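Notes for the structure review
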Amino acid sequence: MATPTNGSRSGKGKGWRSVWIGVTVLTGSMVSLHWGLFPATLEGASVVSPRGTLLPAIPGMHRVPEDHPTIQAAIDAAMPGETVAVAPGFWDERLWIRDKSITLRGVAGADRTTLSGTGSPGAVVSIDGALSAGTRIEGFTISGGHGDDGHGVYVRGADVALRDTRLERNSSSGLFNDGGQVTLFGCTIESNASPVSGGGVRAMRGDTTLVNCTVARNSAGTFGGGIFAEDGRIQVIDSRILANRTTSGAWGGGMWAERTDVFASGSSFSGNSSIESGGAAYLRGGTANLYRCDFSGNTSQMAYGLFSEGAHVRLHDSTLCGIVGDAVAGDMVDVTGARFSDCYLDCNRNGMRDSDEIAMGFQPDADGNGILDTCEQADPVELGWAGEQP
């Protein structure tokens, strides 16, 4: 796959010039009450707070927009180990961090600070090179990556951490880890779509760890609607893999892993769907150790929980809905540490199986993934399963 190119860094402003002129005649206290109530326009930035970051000028910190008009300008000026602090607002820039280790921080958090790649095609944030090891990104919503390499975040050969960040509505993977070491803490990866593999996360040859993350409502054409991993290691710890799907292909609605070491602990794989097999996960080669995990409400024609093709899979104190052969299929799966229960999807919590509501015409399921259309519009963590649970 081609490496994403840097594209435009200008991020031309689209703010409200006329509104800001009018605000100057009002009392300043009104503006200070709410971040970004009346956005200003700065050359090289889209819709930012009139008060900036509200952080004092200190050595080693590059504030946007106080010290630099664009985020890329601040990144270029930062020395290794320094911090780029970004004011709340909507920033239409594609960013590139190359061969330097910095911290990129949205000071008001992900709900109020968005990095958007709606301009030129490619990844919204690209981090490249071993010298970028130690780079940290926190407190952003990253969306709008488009084109063949329209990832939210692209990492090549670097050790990177993302914290409290949302990767959403990118036209390729939310995160593409290409031979790097990437750790995500408290992140949400949602509503991304890849034409082939890894709508939420695509990890190739690298080491990827998700801790207390939600991977939800992502899709891929063929492999791994939520997560695609190949020739590396992936760890899923205390996380939720929910309502992901493959669209035209067949395998691994929640996760596809090939020649990969998989470790999962305390995580739920729920409401995922694939066409042929492995509604929750399709594991091909490699190893998988799954501790205290729950596989509920996943759908596919075969093995709606797990399917193994030559993978050494061991389930430890984990629960699957259904019976062996339906919930788990394939070879080399050790189910001695698994519990099988008659749990079922009841996402609207009305006491009736969703499958029955769909079959009887009580509720619509336009895309045929076994989840009520009304529930697909809800917060993924609100999906509910009834019956015997651990």
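Residues numbered from 1 in each chain as written. Predicted model: local features only at pLDDT ≥ 70, side-chain atom pairs only at ≥ 80, totals over all residues. Heavy atoms only, no water.

Some thoughts on the confidence of the model for the chain
The following threshold applies: Note on scores: pLDDT gives the predictor's confidence for each residue, bounded by 0 and 100. Should any heavy atoms of two residues lie within 4.5 Å, those residues are considered in contact.
Here the chain averages 82 in pLDDT, while 79% of its residues score no lower than 70. Counting contacts from residues 1–50, a segment whose pLDDT is below 50, to residues more than four positions away or on other chains yields 104 contacts.

Overview of the sheet that holds strand β30 (residues 281–284)
What counts here: Should DSSP find at least two bridges between two strands, the strands are taken to pair. Numbered from the N terminus, helices here are DSSP runs of H or I no shorter than four residues, and strands are runs of E no shorter than two. Convention adopted: a line fitted to C-alpha atoms gives each axis, helices being fitted over their contacting stretch, and angles between N-to-C directions are expressed from 0 to 180 degrees.
Ordered in space as β6-β9-β12-β15-β19-β23-β27-β30-β33-β35, the 10 strands form an open sheet in which the pairing is parallel. Each end of this open sheet is capped by a strand with a single partner; those strands are β6 (95–98) and β35 (328–330). Neighbour to neighbour, the strand axes of the sheet diverge by 5 degrees on average, direction disregarded.

What about the packing of aromatic side chains?
Operational definition: A pair of aromatic rings is counted whenever rings of Phe, Tyr or Trp (Trp by its six-membered ring) have centres within 6.5 Å, and the orientation is called stacked for planes under 30 degrees apart, edge-to-face for over 60 and tilted otherwise. Summary of the burial criterion: residues with accessible area below 20% of their type's maximum are buried, those above 50% are exposed, and those between are partly exposed, where the area comes from a 1.4 Å probe applied to protein chains only.
Per the stated rule, a full pass over the model turns up 10 aromatic pairs. With a centroid separation of 6.5 Å and 55 degrees between ring planes, the pair formed by Phe223 and Phe228 is classed as tilted. The class of Phe223 is partly exposed, set by a relative accessible area of 22%. Measuring from ring centre to ring centre gives 5.6 Å for Phe263 and Tyr291, while their planes differ by 45 degrees; the resulting arrangement is tilted. With Phe263 in strand β28 (residues 261–265) and Tyr291 in strand β31 (residues 287–291), the pair connects residues that are 28 residues apart, well separated along the chain. A network of ring pairs unites the aromatic residues Phe223, Phe228, Trp251, Trp256, Tyr282 and Phe307 as a single cluster.

A look at the environment of Asn289
Within the secondary structure, Asn289 sits in strand β31. Accessibility expressed as a relative area gives 26% for Asn289, which makes it partly exposed. Put simply, Asn289 and Arg314 are 25 residues apart on the chain and 5.1 Å apart in space, counted from C-alpha to C-alpha. Once residues within four sequence positions are removed from consideration, Asn289 is found in contact with Val262, Phe263, Ala264, Arg314 and His316.

Some points on the pattern of salt bridges
This is how it is decided: Salt bridges are counted wherever a side-chain nitrogen of Lys or Arg sits within 4 Å of a carboxyl oxygen of Asp or Glu.
The tally for this structure, following the rule as stated, stands at 16 salt bridges. Close ionic contact of Asp67 with Arg63 constitutes a salt bridge, the shortest N to O distance being 3.0 Å. Of the residues examined, Arg63 reaches a relative accessible area of 13% and is grouped as buried. Linking Glu190 and Arg217 is a salt bridge whose minimum nitrogen-to-oxygen distance equals 2.6 Å. In this pair, Glu190 sits in strand β17 (residues 188–190) while Arg217 sits in the loop between β21 (214–216) and β22 (219–220), placing the two residues 27 residues apart along the sequence.

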